[in-house]
2 protein chains.
Amino acid sequence: MSHTFPYNQLFTFTESVFLSMGCPPDDATLATETLLSADLRGIDSHGVARLIGYVRLWEAGRINATPRVGVVYETPSTAVVDGDGGLGLVVAPKAMNIALEKARLAGTGWVSVKNSNHFGIAGYHAMKALAHDMIGMAMTNASPLVAPTYSLDRLLGTNPIAVAIPAGEQPDFVADFATTTAANGKLEIAQRKQIPVPEGWVQNADGSGSTDANAVKNGGALLPLGGDTGSHKGYCLGSIVDIFSAVLSGANYGPWVPPFVAFLQPPADPVGQGIGHFLGAMRVDAFRPAAEFKAHMDNWISTFRNAQAVEGKQVIIPGDPERIMAQHRLLDGIPLLEPVVKDLESVGKKFGVTL
Amino acid sequence: MSHTFPYNQLFTFTESVFLSMGCPPDDATLATETLLSADLRGIDSHGVARLIGYVRLWEAGRINATPRVGVVYETPSTAVVDGDGGLGLVVAPKAMNIALEKARLAGTGWVSVKNSNHFGIAGYHAMKALAHDMIGMAMTNASPLVAPTYSLDRLLGTNPIAVAIPAGEQPDFVADFATTTAANGKLEIAQRKQIPVPEGWVQNADGSGSTDANAVKNGGALLPLGGDTGSHKGYCLGSIVDIFSAVLSGANYGPWVPPFVAFLQPPADPVGQGIGHFLGAMRVDAFRPAAEFKAHMDNWISTFRNAQAVEGKQVIIPGDPERIMAQHRLLDGIPLLEPVVKDLESVGKKFGVTL
């Protein structure tokens with residue numbers, strides 16, 4: 001059973017919650033916009049369903065509602081940003097703005113972020129570049145749930161990569177994907193429905209393949225993208241995200257990344273500060289005139305979209321399903337599952353805010 | 001049956017062949033070093049086994065032995081390089097040098113290349129950054145053999161990504177992988193051995209899954225990294241490589257990328273010039289002191305290498321197998337299959353050069 005809420009109603013509610021946590025008004029608005037971009041785009045696992053999680057981390061003293069987000073080191077095309085323990089939902093957009101400004105001046109901008117928290121969906125941050133005729137990139141590390149190839153230990157997060165590329169008349173190209181075969185959110189859905197998961201998603205505690213949706217809970221792990229014969233490639237990708245996000249910035253990496261859930265304590269021997277992100281922007285016209293680039297992107301996109309397809313299917317351009325979902329949900333509202341609504345109501349009660 | 005040749009013997013021979021094609025001495029040396037890095041590192045499909053292919057392309061007038069490789073557009077952190085139809089083995093190292101120089105001045109350097117040809121292994125170019133305490137990246141597009149998710153048409157190449165990251169006392173991290181489940185070279189080996197390939201590598205002409213090593217030859221296609229439930233992610237990665245390499249630079253992209261084999265003609269309606277590469281360099285100390293970064297990389301690498309593993313296995317650090325292979329082959333020589341030796345002898349005869 002699900003209830004559908006207008007976007008504006010969820011926006012006002014969520015913003016009020018962030019204000020109640022003590023976020024300055026601009027930060028509360030920014031955090032809300034970032035968080036709800038997931039619900040709009042149909043990535044339900046990363047949207048308001050996680051609001052209660054952020055609140056619990058704040059209650060545990062692990063999120064700073066009034067961070068002083070600032071550059072601690074920089075060159076013409078790079079910066080390291082210290083998120084001061086703030087919401088990733090606030091820290092990452094501010095860091096992305098720095099990347100955009102660097103790109104304006106130097107052609108490209110690359111910002112590695114430490115001392116942050118979960119930043120919502122990667123795609124939202126990458127897409128910030130599009131309005132400036134820039135290519136945007138966003139990555140983040142996350143708490144360890146993934147076993148590298150041959151490993152029994154969980155050493156990597158689902159470590160997503162997003163790349164947004166502007167087009168002309170065609171909708172923009174927006175890729176946003178976890179570097180595992182399946183994102184953790186998909187596993188949670190299978191757990192709730194009590195159905196098995198496809199092979200290649202998870203392994204048991206002894207490293208054997210499994211189709212049990214509860215395998216990760218029982219000491220197993222998520223598997224890197226690539227399946228039986230290619231998981232070393234997903235392991236490479238997840239590692240690159242971890243290193244760019246955290247070893248470059250001075251955040252925690254690998255098994256030291258602090259957990260999102262407040263009931264689990266962060267490792268007692270941190271190797272850095274908070275979790276890390278990596279944000280990039282490349283001005284298209286740092287390579288060729290923007291109009292020329294976009295005309296070729298239009299040709300690229302329409303060629304792929306119009307390819308011969310398996311019967312009953314169509315070749316999908318990355319970003320198409322999420323863009324169409326966002327158009328619908330902005331008009332028709334955002335459906336939330338019963339347990340999510342209950343969580344929001346309990347958060348509302350805590351702060352005296354009505355959903 | 002295989003014959004083993006000392007590295008120096010193959011080097012002298014290959015260099016003589018490039019000189020005979022009319023390459024200037026420095027270019028011949030550079031092309032040889034680039035090409036043979038594949039044989040040293042155990043990527044046999046991309047080394048001297050392809051020398052005859054480069055010669056045939058040159059005979060067909062599709063490789064310029066005396067290119068004027070130059071920057072046609074730039075900003076402080078970016079450049080577009082025109083390869084003037086030269087060997088990718090020469091064009092890409094020159095473009096990478098420009099990326100390194102940009103990174104020295106601006107923190108990072110990003111070079112998109114048009115009008116080039118195949119550049120050997122991506123990892124070699126990325127690794128050029130390591131000696132400068134920089135992170136190196138290299139990508140290239142390639143002739144279309146890969147069907148995007150749901151597509152019957154072949155629209156992408158195996159489009160590899162390489163990322164090289166310097167460590168301190170540990171060996172450097174070097175990831176280098178095709179964005180397909182299996183590289184085309186592995187398929188060719190299965191064809192030669194007349195054995196089936198694992199599921200998820202290829203599809204038939206009608207889009208159905210196949211284990212037939214000849215499926216691609218018979219109108220089928222290679223599949224993007226990710227297998228049954230994740231191939232859209234490999235499709236995203238291959239697309240990003242294609243766009244960064246060719247839409248940014250003005251090279252041919254998607255189905256317009258010219259074939260490596262001389263007996264197939266390039267498309268009659270090109271959308272750009274030659275094939276494209278994308279090369280990047282990031283100075284580690286554009287983010288934090290290099291010694292600090294490398295100490296944490298050492299910790300990252302030893303943590304992963306020493307993880308609990310499936311019985312009889314060890315967690316492999318990207319680049320380990322190729323580095324160890326190169327150490328052996330430099331000492332013990334490079335084994336070449338009989339057909340490869342025959343090809344080299346026929347190339348030698350053409351130019352009056354003895355193997």
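All residue numbers here refer to positions counted from 1 along the written sequence of the relevant chain. Each chain takes a letter, starting from A, and each ligand takes a number, starting from 1, following the order in which they are written. Local features in this predicted model are restricted to residues whose pLDDT is 70 or higher, and side-chain atom pairs enter the listing and the counts only when it is 80 or higher, whereas totals over whole chains, interfaces and linings include all residues. Think of the side-chain values as coming from all heavy atoms in the structure, minus any hydrogens and water.

Looking at an unreviewed UniProt entry, one finds chain A named Ldh family oxidoreductase, with Hymenobacter cellulosilyticus as its source organism. UniProt positions are given in the numbering used here, feature names are shortened, and annotations may be inferred rather than shown by experiment. On record in UniProt, under Sequence similarities (unreviewed entry), the comment for chain A is "Belongs to the LDH2/MDH2 oxidoreductase family."

Asker: Explanation requested: the pairing of strand 2 (residues 70–75) of chain A in the structure shown.
Answerer: Looking along a regular strand, one sees side chains alternate from face to face of the sheet. Residue and element names in this part refer to chain A. Pairing between strands requires that DSSP locate at least two bridges from one strand to the other. Under the DSSP-based scheme used, a helix requires at least four consecutive residues in state H or I and a strand at least two consecutive residues in state E, with every element numbered from the N terminus. With 5 bridges connecting them, strand 2 and strand 3 (residues 78–82) associate as antiparallel partners. Within strand 3, the position partnered with Thr 75 by the bridge is Thr 78. The hairpin turn running from strand 2 into strand 3, its antiparallel successor, is 2 residues long.

Asker: What's the story with the environment of Lys 217 of chain A in this structure? I'm lost.
Answerer: Residues and elements named next belong to chain A. For Lys 217, the location among the structural elements is in the loop between strand 9 (209–210) and strand 10 (221–222). Placed 12 residues apart in sequence, Lys 217 and Ala 205 show a C-alpha to C-alpha distance of 9.6 Å. Polar contact is defined as a pair of N or O atoms within 3.5 Å, subject to the rule that within protein one atom must be able to donate a hydrogen and the other to accept it, and that residues adjacent in sequence are counted only when both atoms are side-chain atoms. Of the polar contacts made by the side chain of Lys 217, one reaches the side chain of Gln 191; its length is 3.5 Å.

Asker: What is the right way to look at the packing of helix 8 (residues 290–305) of chain A against helix 7 (residues 227–247) of chain B in this model?
Answerer: Angle between the axes and distance between the axes: these two values describe a pair of packed helices. In contact at an axis separation of 11 Å, helix 8 of chain A and helix 7 of chain B are set at 145° when each is read in the N-to-C sense. By crossing handedness, the relation of helix 8 of chain A to helix 7 of chain B is classed as right-handed. Along its contact with helix 8 of chain A, which presents Phe 293, His 296, Met 297, Trp 300 and Phe 304 of chain A, the element helix 7 of chain B presents Tyr 235, Ser 239, Asp 242, Ile 243 and Val 247 of chain B. Among the residues making up the contact of helix 8 of chain A with helix 7 of chain B, the classes are represented as 7 nonpolar, 2 polar and 1 charged. Only the stretch in contact is used when a helix axis is fitted, and all axes are lines through C-alpha atoms; the angle between N-to-C directions ranges over 0 to 180 degrees. Helix crossings are classified by the rotation of the near helix relative to the far one: an anticlockwise turn of less than a right angle makes the crossing left-handed, while a clockwise turn makes it right-handed. Here a residue-residue contact requires only that any non-hydrogen atoms of the pair lie within 4.5 Å. Residue type decides the class: Asp, Glu, Lys and Arg count as charged, Ala, Val, Leu, Ile, Met, Phe, Trp, Tyr, Cys and Pro as nonpolar, and the leftover types, Gly among them, as polar.

Asker: Hey, could you run me through the sheet that holds strand 8 (residues 202–203) of chain A in this one?
Answerer: Remark on secondary structure: sheet strands pair via backbone hydrogen bonds, oriented parallel or antiparallel. Read from one edge of the open sheet, 3 strands run 9-8-10 (chain A), paired in antiparallel fashion. Every interior strand has two partners, whereas the edge strands, strand 9 and strand 10 of chain A, have only one.

Asker: How do you make sense of the interface of chain A and chain B when you look at a structure like this?
Answerer: How big an interface is tends to be reported as the loss of accessible area on association of its parts. Taken together, the contact between chain A and chain B spans 84 residues of the former and 84 residues of the latter. Of the roughly 6,800 Å² buried between chain A and chain B, counting both surfaces, carbon and sulfur atoms make up 71%. By buried area we mean how much accessible surface two parts lose on assembly, using a 1.4 Å probe and totalling the loss over both. When the buried surface of chain A facing chain B is broken down by residue, Tyr 150, Lys 233 and Phe 287 of chain A rank first, second and third, together holding 12% of it. For this analysis, a salt bridge means a side-chain nitrogen from Lys or Arg found within 4 Å of a carboxyl oxygen belonging to Asp or Glu. The tally of links from chain A across to chain B stands at 0 salt bridges. Seen at the junction of chain A and chain B, the total is 30 residue pairs in polar contact (both at pLDDT 80 or more).

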